[in-house]
Amino acid sequence: MPASLQHEALMLAQPVSDDPRGFSLRQSLLLAAPAVLCLLAFFVVPLSTLVEQSLTSPRLGLQNYVRALGSDLYLLILWRTIRLAAIVTVLALLLGYPVALTMSRVSGRVAGLLAICVLIPLWTAVLVRAYAWIVILQRQGLVNEALLGLGVIREPLRMLYTEGAVILATTHVLLPFMILSIFSVLRTIPPDLDRAAANLGASAFATFRHVTLPLSLPGIYSGVLMVFILALGFYITPALLGGPETLLMATLIGQQTTETLDWGLAGALSVTLLVITLLLVGLFGRVLRLEGKG
Amino acid sequence: MQGIHRRSVLSGLGFGAGALALGGSAGRVFAQGEELVVVATGGAFEKALKDHFYDAFTQATGIRIRPVAASNAETWTKLRAMQQTGRVEWDIVTAWPEDLVAQAALLENFDCAKISSLAAQAVDNACTGRGLLRTLGAVTLVHDARKFPNGGPTTWAEFWDVNRFPGPRTMPNAGAPWWPLMAALQADGVDKDKLFPLDLDRAFAKLDQLRPHITVWWRTGDQSQQIFRSGEVSLGMIWSGRAFALQKEGMPIQVSYAGAPPNTALWAIPKGARNVQASLRFLDFFTGRPEAHVPFSDAVTFDTLNKVALSRLTPEQRKDRVTTPENSRQLAQMDATWVAENRAGLLDRWNRWLAR
């Protein structure tokens, strides 16, 4: 029963593909041209230069990659970056899914209020939010003062400039991306499916497990992907809220570019990060897609 | 409506093109010596330079000064990139003594005789031909007196004594790892005049001991001030000028010059700069104005190269200054040549140590 129900639900949730009122191919290409040209000029060209630098600076060869991958320090930083991105992604998913589900189930004023709560942080500058976290987490900040006042702790806790602070603040910044991705899929699921499942005797949990969750997988997939990729390259928040022990790939590449002028190594590190990102994304997509079909 | 709209758009485009043309010709005039680009560290320090020197120089000579802010590391990185592309856009940069050796290939050798006010106004050895002394300070041990009612640490050995002087600490991660390493060696018993060549294994081992208590590694002078204001740290190693700036804000910050590495900055002229003659005019102007050096050095609490201004300071102003004999004899000896020769390897080891 659950398998066939799932199939039905998937069929219902399919978007309509052959829209007769759509643009012709030529019009579509024309409309996409500005974006494609921008990508070419500001992404593909610099990226090619970067790859070229990594292979030719200061001379032709793979020496920059040997340095990047042969150093235990750079490997440690790479591992730290991937681990942090994974933690942030899991946290954002666990925190974001219930919010997205609630947003898709309520209507009217409550829905508007929820949307505002999600969007306002998204519209606030990343820098402002980082400084807000500094105010909250510092030694004489809100959290420490409150805990001291309640007598929970005797000495202020060290929270700022730690990995915990970086995880917290990065999750906060990226959470809306997760919520909005999942929400955009959840709200397309017809509410009738819930009633149908209940009609067939499914409990609320069974309905969620066999209907809502599988149908929302595309949203989870895009949300997880977006948050993970953004977290891998996050720069401002870790630089402001972390210490040297939380040095991440983006900051390391920045250092090589602006402080030591080792563009060959910076290029090799960037290409390494890019390749690993693409590999993880590919792997991830496969796993999730298989799950979605199962 | 629509017509007006279109016309205003067109005139806007025309204006834009005109501005472009203007920009082009203006650039050429500046290249002939109408504008100098001067690199310093920005912030309040740069404002003091502008108030006391840049504006007056423009008034006297008609040469405009465009200030640019860059950290020490950024300065040399960007300068090297500019020289590679063949367009050096900076006329005067700020250098540390070790840079005059380490970055010698990037710097112009100028004739000190062109700075005519040098003999009458500057302290001895102010001009080396590659750099002109700008400001003198130190990297001092400071503590917040409110956190240490019975007196705080005044030597590096006491700074390392976390039982007698508990509290979160800060040290610099600002491109000069030899500062904390010099402090570590003194805490381990090395004499302040015999620190060089630095025994790196010993210094890092000593830093390992203190590391859990160093909660912030500051990167900019502004940050070093902010963490004292917010109470994030109680004691630390920061630039003397920043420490006295905190005092002026009313904070009870105590400063110790004992074993402090000197923090000297110089003006230098990049090789390939387009306005060397105008730059030398500015250096001469900077050197020979005691009436500006008194309020400037007071604003930034650094000493400067002008000896006439030094003699005009009140005893109250003198007691905090690095050139005052009671203070200067306490400073640690620094070997700029050794630092310049070992800089790259040292930075690499430092970054590795910090990132663990």
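Residues numbered from 1 in each chain as written. Chains lettered and ligands numbered in written order. Predicted model: local features only at pLDDT ≥ 70, side-chain atom pairs only at ≥ 80, totals over all residues. Heavy atoms only, no water.

A closer look at the interface of chain B and chain A
Every contact between the two is made by 24 residues of chain B and, on the other side, 22 residues of chain A. Of the roughly 2000 Å² buried at the junction of chain B and chain A (both faces included), carbon and sulfur atoms supply 51%. In this assembly, chain B and chain A are joined by two salt bridges. Arginine 211 of chain B serves as the salt-bridge partner of glutamate 245 of chain A, at 3.3 Å between the closest nitrogen and oxygen. Broken down by secondary-structure element, the contributors of at least two residues to the side of chain B that touches chain A are helix 3 (72-85), strand 6 (214-218), helix 9 (221-229) and helix 16 (336-355) of chain B. The element that contributes the greatest number of residues to the side of chain B that touches chain A is helix 3 of chain B, accounting for five residues. Here the residues of the side of chain B that touches chain A sort into ten nonpolar, six polar and eight charged. (Contact = heavy atoms within 4.5 Å. Buried area = accessible area lost by both parts, 1.4 Å probe. Salt bridge = Lys/Arg side-chain N within 4 Å of Asp/Glu carboxyl O. Helix = DSSP H or I, 4+ residues; strand = E, 2+ residues; numbered from the N terminus. Nonpolar A, V, L, I, M, F, W, Y, C, P; charged D, E, K, R; others polar.)

Some remarks on the nonpolar core
Among the nonpolar cores identified, the biggest contains 60 residues, and Trp160, Met171 and Leu198 of chain B are the most heavily contacted of them. By residue number, the principal contributor to this core is helix 7 (residues 178-187) of chain B, which donates eight residues. Among residues more than four places away in sequence, those in contact with tryptophan 160 of chain B are Met171, Pro180, Ala183, Ala184, Ala187, Lys206, Leu207, Gln209 and Leu210 of chain B. Core analysis: the second largest hydrophobic core is formed by 51 residues, Met103, Ile220, Leu247 and Leu265 of chain A among them. (Core = buried A, V, L, I, M, F, W, Y, C linked by side-chain atoms within 4.5 Å. Buried < 20%, exposed > 50% of the residue type's maximum accessible area, 1.4 Å probe, protein only.)

Brief notes about the domain arrangement of chain B
All names here are of chain B. As assigned here, chain B comprises domain 1 (6-136 + 264-314) and domain 2 (137-262 + 332-355). On a C-alpha basis, the centres of domain 1 and domain 2 stand 30 Å from each other. Counting from both sides, the interface comprises 16 residues of domain 1 and, opposite them, 16 residues of domain 2. Both faces considered, domain 1 and domain 2 share a buried interface measuring about 1200 Å² in area, 59% of it formed by carbon and sulfur atoms. Area buried by domain 1 at its contact with domain 2 is led by Trp96, Glu98 and Thr301, which between them contribute 41% of it. At the boundary of domain 1 with domain 2, the tally comes to two residue pairs in polar contact (both at pLDDT 80 or more). For the side of domain 1 that touches domain 2, the secondary-structure elements that each account for two or more residues are helix 4 (97-102), strand 4 (132-144) and helix 12 (290-300). Here the element with the most residues in the side of domain 1 that touches domain 2 is helix 4; it accounts for five residues. When grouped by side-chain class, the residues that make up the side of domain 1 that touches domain 2 number eight nonpolar, five polar and three charged. (Domains from an automatic or database assignment. Polar contact = N/O pair within 3.5 Å; in protein donor to acceptor, adjacent residues only side chain to side chain.)

Details of the environment of isoleucine 182 of chain A
Residues and elements named next belong to chain A. With respect to the helices, strands and loops of the structure, isoleucine 182 is situated in helix 8 (residues 163-186). Look at isoleucine 182 and you get buried, because its relative accessible area is 0%. Here the alpha-carbon distance between isoleucine 182 and alanine 125, two residues 57 residues apart in the chain, equals 23 Å. Residues contacting isoleucine 182, with those up to four places away along its chain left out, are Leu93, Tyr97, Ala100, Gly219 and Ile220.

Here we look at the packing of helix 4 (residues 72-105) of chain A against helix 8 of chain A
Residues and elements named next belong to chain A. Running from amino to carboxyl end, helix 4 crosses helix 8 at an angle of 45 degrees, the nearest separation of the two axes being 6 Å. Between helix 4 and helix 8, the angle is such that the two are oblique. Crossing of helix 4 over helix 8 shows right-handed handedness. Residues of the contact of helix 4 with helix 8, tallied by class, amount to 21 nonpolar, five polar and three charged. (Axes fitted to C-alpha atoms, helices over the stretch in contact; angles between N-to-C directions. Parallel < 35°, antiparallel > 145°, perpendicular 65-115°, else oblique. Left-handed = near helix turned anticlockwise from the far one by under 90°.)

Some points on the packing of aromatic side chains
All names here are of chain B. Applying the stated criterion to the full structure yields 23 aromatic pairs over all chains. Each ring, one from tryptophan 179 and one from tryptophan 239, has its centre 6.1 Å from the other, and the planes form 80 degrees; the classification is edge-to-face. Of this pair, tryptophan 179 sits in helix 7 while tryptophan 239 sits in strand 7 (residues 235-239), placing them 60 residues apart in sequence. Among the residues examined, tryptophan 179 registers a relative accessible area of 2% and is labelled buried. Classification of tryptophan 239 as buried rests on a relative accessible area of 15%. The ring of phenylalanine 159 is capped by arginine 169, whose NZ or CZ atom sits 5.2 Å from the centre of that ring. Seen from the ring of tryptophan 353, arginine 211 lies directly overhead, with NZ or CZ sitting 4.6 Å from the centre. (Phe/Tyr/Trp six-rings, centres within 6.5 Å; stacked < 30°, edge-to-face > 60°. Lys NZ or Arg CZ within 6 Å of the ring centre and 35° of its normal.)

A few points about the state of the cysteines
Residues and elements named next belong to chain B. Going through the model one piece at a time under the given rule, you end up with one disulfide over all chains. Linked covalently through their sulfurs, cysteine 112 and cysteine 127 form a disulfide whose S-S length is 2.1 Å. A torsion of -80 degrees about the S-S bond marks the disulfide between cysteine 112 and cysteine 127 as left-handed. Of the two residues, cysteine 112 is situated in the loop between helix 4 and helix 5 (118-121) and cysteine 127 in the loop between helix 5 and strand 4; the sequence distance between them amounts to 15 residues. (Disulfide = S-S within 2.5 Å.)

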